[in-house]
Amino acid sequence: MLDKQSAIPIYVQIEDYLKEQIAQGVYPVKSLIPSERELTDMFGVSRMTVRQSLTNLVKDGLLYREKGRGTFVAEEKMEQPLNGLTSFTEDMKERGFVPGTKLISFSQVHPDPQLSTRLGISSEALVHKVVRIRYADDTPMAIERSYLPVELFPTLSEEALQGSLYAFIEKQEKLVIGQATQRMEAALAKTEDAGYLHISLPAAVVLIERVSALDDGRIFEVVRSTYRADRYKFISEIGR
Ligand code: 16G
């Protein structure tokens with residue numbers, strides 16, 4: 001199984017072997033992989049080498065450890081296209097998951113200077129501030145902090161926010177969603193967000209800010225979303 005003469009370090013060969021076994025379904029998602037001791041015996045290498053391979057696979061998000069229970073195969077990451085202006089609900093349905101929402105807060109506030117600039121409204125105007133946790137089946141995937149001008153959506157309610165915001169805008173308000181600009185960056189999860197997302201600190205997250213406009217150019221939302229880096233992969237189609 002291992003080539004000890006190879007220029008490829010032994011711990012990398014063990015990683016490749018385990019990756020292959022996972023890809024072939026020998027170790028299915030959420031299953032326990034052999035213990036460090038078992039792998040040590042299996043490969044005839046030191047425990048430190050095995051530990052290094054496992055730690056790397058955990059860092060890559062292929063495996064996860066549970067204290068006192070062992071090391072398990074992680075679920076495949078969600079592939080999120082960056083091309084279309086889709087909603088969370090649409091994205092989840094498309095992938096065969098049941099979208100879920102937990103409304104954490106819904107209030108009306110005055111925007112800070114950056115937000116009022118992004119929304120193109122005065123800082124005297126009111127915006128709905130919506131904080132929602134979004135789920136795929138029962139797994140928390142992202143937190144969305146959305147800001148929407150009250151003037152545009154005077155009837156926005158807690159009830160509407162339990163479902164799809166985009167469905168409310170398009171079906172109920174009969175407005176046409178046009179285009180958006182997204183900014184994306186990496187960060188470490190804040191304590192509050194790690195709690196919402198059921199991840200242990202330190203944890204990487206991806207922050208996306210979306211500023212979306214209606215087809216007539218009016219900006220209707222600024223959304224600051226925090227995505228689990230262990231559950232998401234972002235894909236874009238690019239041409240030349
Ligand atoms: C997406 C959008 C968000 C939008 C939400 C509506 C990003 C970064 N965010 O998550 O801007 O408000 O979908 O989803 O992509 P809904 O219609 O399911 O409520």
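Residues numbered from 1 in each chain as written. Predicted model: local features only at pLDDT ≥ 70, side-chain atom pairs only at ≥ 80, totals over all residues. Heavy atoms only, no water.

**Describing the nonpolar core**
Generally speaking, a soluble globular protein has its nonpolar side chains buried in company with each other.
Phase 1 of the analysis: Counting 16 residues, the largest nonpolar core has Leu-148, Phe-153, Leu-156, Leu-165, Ile-169 and Phe-220 as its most contacted members.
Phase 2 of the analysis: Counting residues per element, the ones that place at least two in this core are helix H6 (158-162) and helix H7 (165-172).
Phase 3 of the analysis: For this core, the leading source of residues is H7, giving four residues.
Phase 4 of the analysis: Residues Ile-14, Val-45, Leu-57 and Val-73 belong to the second largest nonpolar core, which totals 14 residues. (Core = buried A, V, L, I, M, F, W, Y, C linked by side-chain atoms within 4.5 Å. Buried < 20%, exposed > 50% of the residue type's maximum accessible area, 1.4 Å probe, protein only. Helix = DSSP H or I, 4+ residues; strand = E, 2+ residues; numbered from the N terminus.)

**A short note on the site of the ligand**
Phase 1 of the analysis: Thr-89, Glu-144, Ser-164, Leu-165 and Arg-210 are the nearest of the 17 residues found near the ligand.
Phase 2 of the analysis: Arg-132 has a polar side-chain atom sitting 2.8 Å from an oxygen atom of the ligand.
Phase 3 of the analysis: Here an oxygen atom of the ligand sits 2.8 Å away from a polar atom, N or O, in the side chain of Arg-134.
Phase 4 of the analysis: Taking 460 Å² as the accessible area of the ligand by itself, protein coverage stands at 99%.
Phase 5 of the analysis: Secondary structure elements with two or more residues in the shell around the ligand: helix H4 (88-94), strand E5 (127-136), H7, strand E8 (204-214) and strand E9 (219-228).
Phase 6 of the analysis: When residues of the shell around the ligand are assigned to their parent elements, the largest contribution, four residues, is made by E9. (Near = heavy atom within 4 Å. Polar contact = N/O pair within 3.5 Å; in protein donor to acceptor, adjacent residues only side chain to side chain. Areas by Shrake-Rupley, 256 points an atom, 1.4 Å probe, with all protein chains shown as cover.)

**Looking at the environment of Glu-144**
Phase 1 of the analysis: Within the secondary structure, Glu-144 is located in strand E6 (residues 139-149).
Phase 2 of the analysis: Judged by relative accessible area, which is 8%, Glu-144 ranks as buried.
Phase 3 of the analysis: Between the alpha carbons of Glu-144 and Asp-91 there is a distance of 15 Å; along the sequence they are 53 residues apart.
Phase 4 of the analysis: A polar contact of 3.0 Å, which involves the side chain of Glu-144, links it to the side chain of Arg-134.

**Details of H7**
Phase 1 of the analysis: Buried within H7 we find Leu-165, Tyr-166, Phe-168 and Ile-169. Within H7, the buried residues cover an arc of 160° as seen down the axis, which keeps them to one side. Turned more than 90 degrees off the buried face of H7, the exposed positions are Lys-171 and Gln-172.
Phase 2 of the analysis: Looking at the packing, one finds that the buried side of H7 touches E5, E6, H6, strand E7 (177-188), E8 and E9.
Phase 3 of the analysis: The opening residue of H7 is Ser-164, an N-cap whose side-chain oxygen sits 3.3 Å from the backbone nitrogen of Tyr-166.
Phase 4 of the analysis: The first or second residue beyond H7 is Lys-174, which carries a positive phi of 55°. (Arc of directions from axis to C-beta. Contact = heavy atoms within 4.5 Å.)

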